[in-house]
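Remarks on the overall topology
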Amino acid sequence: MWQEESDAAPVFTFALRPRVMQLRDTCKLLCCLSGKPVPTVKWFKNGRELSRFEYAMTHTDGVVTMEIIDTKVDDSGEYKCVAVNPLGKAETSCVVIVEDRRRQFDHPQPKADGKKSIKKPEAKAAPSKQLGPPDARSRQSTRELLPLKSDSMMCPPDFTRKLKDVVASDGEPLQLNCHVSGDPLPQIVWTKNGKKLTSSAVIDIKYKSGIASLRINELFPEDSGTYVCTAKNSMGETSTQCVLDVKKGPAGTARPEKKGGSSKAPIINKHAESGYYKDGSEVTIVCNISCPDPFNVIWLHDNREIKNTPDFEYLNDGDVYSLHIPEIFPEDAGTYTCEAFNKGGESFSSCTITVLSSSEQKDTPTFAKFPASLSVLDGAKAVFTCETYDSPTKLEWYKDGEPINESSNRYRFVKKDNKYTFTIAKCSFEDIGQYQVRVVTRQGDALASFSVNVSA
């Protein structure tokens, strides 16, 4: 017997994050909100309330979004989301910066003090050693060898393969696919009988490599209707549609309704793994995430959200969520975090990616074994182990950038040869966070990141 949620003031369970965008990108701001009665949401930019006629805004199943399509430099500023219900008020804010990379090409040799730079968030713990020489190749310098696209090359969306009407039987799976082109990359929206659809436990919506797809694993008669896929960019908008007719089976059943109650947070069953990679190699970071309720996934590099682009591609196949980097550069080294969240809560997994340049010696790597992220139950023991090639002159453990108190009886630290073990005897919710182990050797510092998730 489920219990109905009691009334509560608004709370942002996932806050807005700062964004650095390029001109004509689409910037999607996202946060998660709980509260009953359902809070009223308003968006502000630099203190001015924004209109739904100016921006695409949604508030569904506790996930709140606002999109800035075809960004301009003037869109830079502080954005705030404010939620209100009769029991209280909550707010979350972030800074959005829109850069025009084309202006850099107008001044190929700017003065050193005239460059525009964005200050990255700084970790409180000491950073890992810099790998590769100062003149190591970079993604930006590689791009500069390619001609920049002119505005004349942009075009409105076009469906090169359209949807077709479908007749299916009760209980069968459904897969709708359509192919779309356009520059800038179009935004895709699916609707059924005029109502917007989003990914859920019933419907799986994907858009990858120009293919927009919608899948339903088990059809019911109630799924019959008109499905429309709409593609939109700054140059125009187009759509394709089909009619789905689901024939009733002998039982004539309807999809079971999900009982009420609070949503469950996603659980990471297999965590991201740290590793060493050669400059220029292909890298895929993988997590296995499960949850009976819909959830969102984002990836971060050194605590900055990664935009889904051909350079950093978000992939999903069932419970497997991946970040694919076709060609890694020295600048891509650092901490990568996968965050999975919904209004029920969040889980995350961190790892360290180290990029070895071609000029480095074989004995450069510091870690023979990296500590791994864990998901544990409240009250369980968590053990983290790292192993180094050489004996370090110093080794420290950190939580959320602060040194861990090694005299606390909650923790145990063991050293055996070049193997180091850190144990949390009895995990509680206060142990949730991002951890690092910092190793100092004759070659310099190295930092390995991992995370701890604790669930009831």
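One structure accompanies this document, and this report is about it. (Residues numbered from 1 in each chain as written. Predicted model: local features only at pLDDT ≥ 70, side-chain atom pairs only at ≥ 80, totals over all residues. Heavy atoms only, no water.)

A word on the packing of aromatic side chains
Operational definition: What counts as a ring pair is set by centres within 6.5 Å for rings of Phe, Tyr and Trp (its six-membered ring), and what kind of pair is set by the plane angle: stacked under 30 degrees, edge-to-face over 60, tilted for all other angles. Under the DSSP-based scheme used, a helix requires at least four consecutive residues in state H or I and a strand at least two consecutive residues in state E, with every element numbered from the N terminus. Between buried and exposed lies partly exposed: a residue is buried under 20% and exposed over 50% of the maximum accessible area for its type, with that area taken using a 1.4 Å probe on protein chains only.
Using the criterion set out here, one finds 14 aromatic pairs in the structure. With a centroid separation of 6.1 Å and 40 degrees between ring planes, the pair formed by Phe422 and Tyr435 is classed as tilted. Of the two residues, Phe422 sits in strand β34 (residues 419-424) while Tyr435 sits in strand β35 (residues 433-441), which places them 13 residues apart along the sequence. Side by side, Phe422 and Tyr435 carry an identical accessibility label, which is buried. The structure contains a cluster of three or more aromatic residues connected by ring pairs, namely Phe384, Trp397, Tyr411, Phe413, Phe422, Tyr435 and Phe450.

A look at the pattern of salt bridges
Convention followed: Salt bridges are defined by distance alone: a side-chain nitrogen of Lys or Arg within 4 Å of a carboxyl oxygen of Asp or Glu.
Taken as a whole and judged by the stated rule, the model has 14 salt bridges. Among the ionic pairs, Arg17 bridges to Glu339, the shortest N-O distance being 2.7 Å. Of the two residues, Arg17 sits in the loop between β1 (8-14) and β2 (19-22) while Glu339 sits in strand β26 (residues 334-342), which places them 322 residues apart along the sequence. Overall, the relative accessible area of 9% leaves Glu339 in the buried class.

Examining the pairing of strand β13 (residues 187-192)
Short version of the rule: Strands are treated as partners if at least two bridges between them are detected by DSSP.
Across six bridges, the pairing between β13 and strand β17 (residues 225-233) is antiparallel. Paired with Ile188 across the two strands is Ala231, which belongs to β17. Here β13 runs beside strand β14 (residues 195-197); their pairing, made up of three bridges, is antiparallel. Note that in β14 the partner of Thr191 across the bridge is Lys196. Where β13 hands over to β14, the hairpin turn is made up of two residues, of which Asn193 adopts a positive phi near 50 degrees.

Focus on the sheet that holds β26
If you walk across this open sheet you meet the five strands as β20-β27-β26-β22-β23, and the pairing is mixed. The open sheet has two free edges, formed respectively by β20 (275-278) and β23 (304-305), since each of these has just one partner strand. As paired strands, β20 and strand β27 (residues 345-356) are joined by four bridges and run parallel to one another. The residue bridging Lys278 from the neighbouring strand is Leu356, located in β27.

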